[in-house]
Amino acid sequence: MSIAVSSVTKTYGSQKALNQLSFTIEKGSVVGFLGPNGAGKSTMMKILTGYIFPTEGEVSVCGIDVLNNAIEAQKRIGYLPEHNPLYADMYVKEYLQFQAAIYKIDKKEVFAVIERVGLVPEAHKKVKQLSKGYQQRVGLAAALLHNPDVLILDEPTTGLDPNQLIEIRALIKELGKDKTVLFSTHIMQEVEAVCDRVIIIKKGEIVVDKLLSEIRSEDSQQIEVTFDYKIEEQFIKRLPHLKSYKNNYDTTWFLNFDTNEDMRAVVFDFAQENGLKILGLNTHNQNLENLFRERTN
Ligand code: ADP
Ligand code: MG
């Protein structure tokens, strides 16, 4: 196992940020770590990388007990913190050489890593002159310098523009070919594009831990429908194959069905039978997004 987390609890004062979290990650997988703001993602990542201690529980990376042997574990981990601190006034190359010197890494590695993350054209610039996307690459480069087996990336794509996002995503995917990667994000498509597996947490507890292949193969569709009048829940419940529903706005319903059959026609008939008009109807087939909405609401 590359990562093993066993019954981890973390309390800040009286607040429980993590509650009995357990999961393991096999070598070579790329796992998306999702959850609403404040769910505990960064806290878990800081514990995994040995920067803070849990209140209870055990954590190991590449078989090394992180709590008793943080330094050894950190040799195997590349960590990109959420608000990655960079030295803005340093030149990219200088910054990475400085990081390499701290960890007693050969200077040659710096050049290899600059190439690997696509920083060559920017390497002669100062960190503060770079766009956010390139600054993230500097952070990634720093995390890769010691050639770790495990990468822990805390929201590596937050704040990037759509092009940068695609580039960093591709880079993560590429890195995932020979490393175990755990990264947090708010973007579902990112998880769908890059990950083998997703772990969703809510209020410090795991609510979903699934392979993307499992999620894709599930029979599930969501219809968002707006009627011209408010209707009672008891009527909605009569729809066939209805797994769950939510009435977010007065006349708008999110209906989840567990079938492959196209339920739009059924919803139309339902409206007609009940003397309702449909003002809007959308189907969503993004199962991961549905799952996230369902489980974190
Ligand atoms: P996420 O990364 O999923 O947004 P965090 O791990 O940052 O969540 O935070 C989880 C919870 O713990 C939040 O409610 C947050 O306010 C709280 N928290 C995080 N760090 C601290 C801290 N140093 N002191 C007190 N509370 C904290
Ligand atoms: Mg966070």
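Just so it is clear, the structure is predicted and the values come from calculations on it, not from any experiment.

Colleague: In this structure, what is going on with the site of ligand 1? I would like to understand it.
Modeller: Neighbouring residues of ligand 1: Tyr 12, Gln 15, Ala 17, Pro 36, Asn 37, Gly 38, Ala 39, Gly 40, Lys 41, Ser 42 and Thr 43. The separation between an oxygen atom of ligand 1 and a polar main-chain atom of Gly 40 is 2.9 Å. Residue Ser 42 places a side-chain N or O atom 2.8 Å away from an oxygen atom belonging to ligand 1. Protein contacts shield 63% of the accessible area of ligand 1, which totals 560 Å² for the unbound molecule. Going through the elements one at a time, β2 (15–25) and α1 (41–48) are the ones with two or more residues in the shell around ligand 1. Its residues assigned to classes, the shell around ligand 1 comprises 4 nonpolar, 6 polar and 1 charged.

Colleague: Would you explain the packing of aromatic side chains in this entry?
Modeller: Each aromatic ring pair is described using two quantities: the centre-to-centre distance and the angle formed by the ring planes. All chains considered together, the criterion is met by 6 aromatic pairs. Here Phe 227 and Phe 270 contribute two aromatic rings whose centre-to-centre distance is 6.1 Å and whose plane-to-plane angle is 50 degrees, an arrangement assigned as tilted. With a gap of 43 residues between them, Phe 227 in strand β11 (residues 221–227) and Phe 270 in helix α10 (residues 264–273) connect regions that are remote in the sequence. Here the two residues Phe 227 and Phe 270 agree in accessibility, since each one is buried. A cation over a ring is seen here: Arg 137 above Tyr 134, with NZ or CZ 4.9 Å from the ring centre.

Colleague: For this particular structure, what's the right way to read the nonpolar core?
Modeller: Within the largest apolar cluster, 44 residues are counted, with the highest numbers of intra-cluster contacts made by Leu 96, Leu 119, Leu 140, Leu 153, Phe 183 and Val 198. Once residues lying within four places of it in the same chain are set aside, the contact partners of Leu 140 are Leu 80, Val 117, Leu 153, Ile 168, Leu 171 and Leu 175. Judged by nonpolar contacts, the second largest core, of 26 residues, contains Met 44, Leu 48, Tyr 79 and Ile 152.

Colleague: Which parts of the structure should I look at to understand the side chain of Arg 169?
Modeller: Of note, Arg 169 is situated in helix α6 (residues 162–175). The contacts of Arg 169, once residues within four sequence positions are left out, are Ile 187, Glu 190, Ala 193 and Val 194.

Colleague: Explain the sheet that holds strand β12 (residues 242–249) here, please?
Modeller: Within a sheet, each strand pairs with its neighbour through backbone hydrogen bonds, oriented either parallel or antiparallel. Within the open sheet, the 4 strands sit side by side as β12-β13-β11-β14. Their pairing is antiparallel. If you trace the sheet from one side to the other, it starts and ends with β12 and β14 (278–284), each paired once. Neighbouring strand axes in the sheet, compared pairwise and without regard to direction, differ in orientation by 20 degrees on average. Sheet topology places β11 next to strand β13 (residues 252–257); 6 bridges connect them, and they run antiparallel. Looking across to β13, one finds that Val 225 is bridged to Trp 253. Against the sheet, α10 engages β11, β13 and β14, with an angle of about 160 degrees to β14.

Rules used in this analysis
Residues numbered from 1 in each chain as written. Chains lettered and ligands numbered in written order. Predicted model: local features only at pLDDT ≥ 70, side-chain atom pairs only at ≥ 80, totals over all residues. Heavy atoms only, no water. Near = heavy atom within 4 Å. Polar contact = N/O pair within 3.5 Å; in protein donor to acceptor, adjacent residues only side chain to side chain. Areas by Shrake-Rupley, 256 points an atom, 1.4 Å probe, with all protein chains shown as cover. Helix = DSSP H or I, 4+ residues; strand = E, 2+ residues; numbered from the N terminus. Nonpolar A, V, L, I, M, F, W, Y, C, P; charged D, E, K, R; others polar. Phe/Tyr/Trp six-rings, centres within 6.5 Å; stacked < 30°, edge-to-face > 60°. Buried < 20%, exposed > 50% of the residue type's maximum accessible area, 1.4 Å probe, protein only. Lys NZ or Arg CZ within 6 Å of the ring centre and 35° of its normal. Core = buried A, V, L, I, M, F, W, Y, C linked by side-chain atoms within 4.5 Å. Contact = heavy atoms within 4.5 Å. Pairing = 2+ DSSP bridges. Axes fitted to C-alpha atoms, helices over the stretch in contact; angles between N-to-C directions.

Remember that the coordinates give geometry; whether it matters functionally is a separate question.
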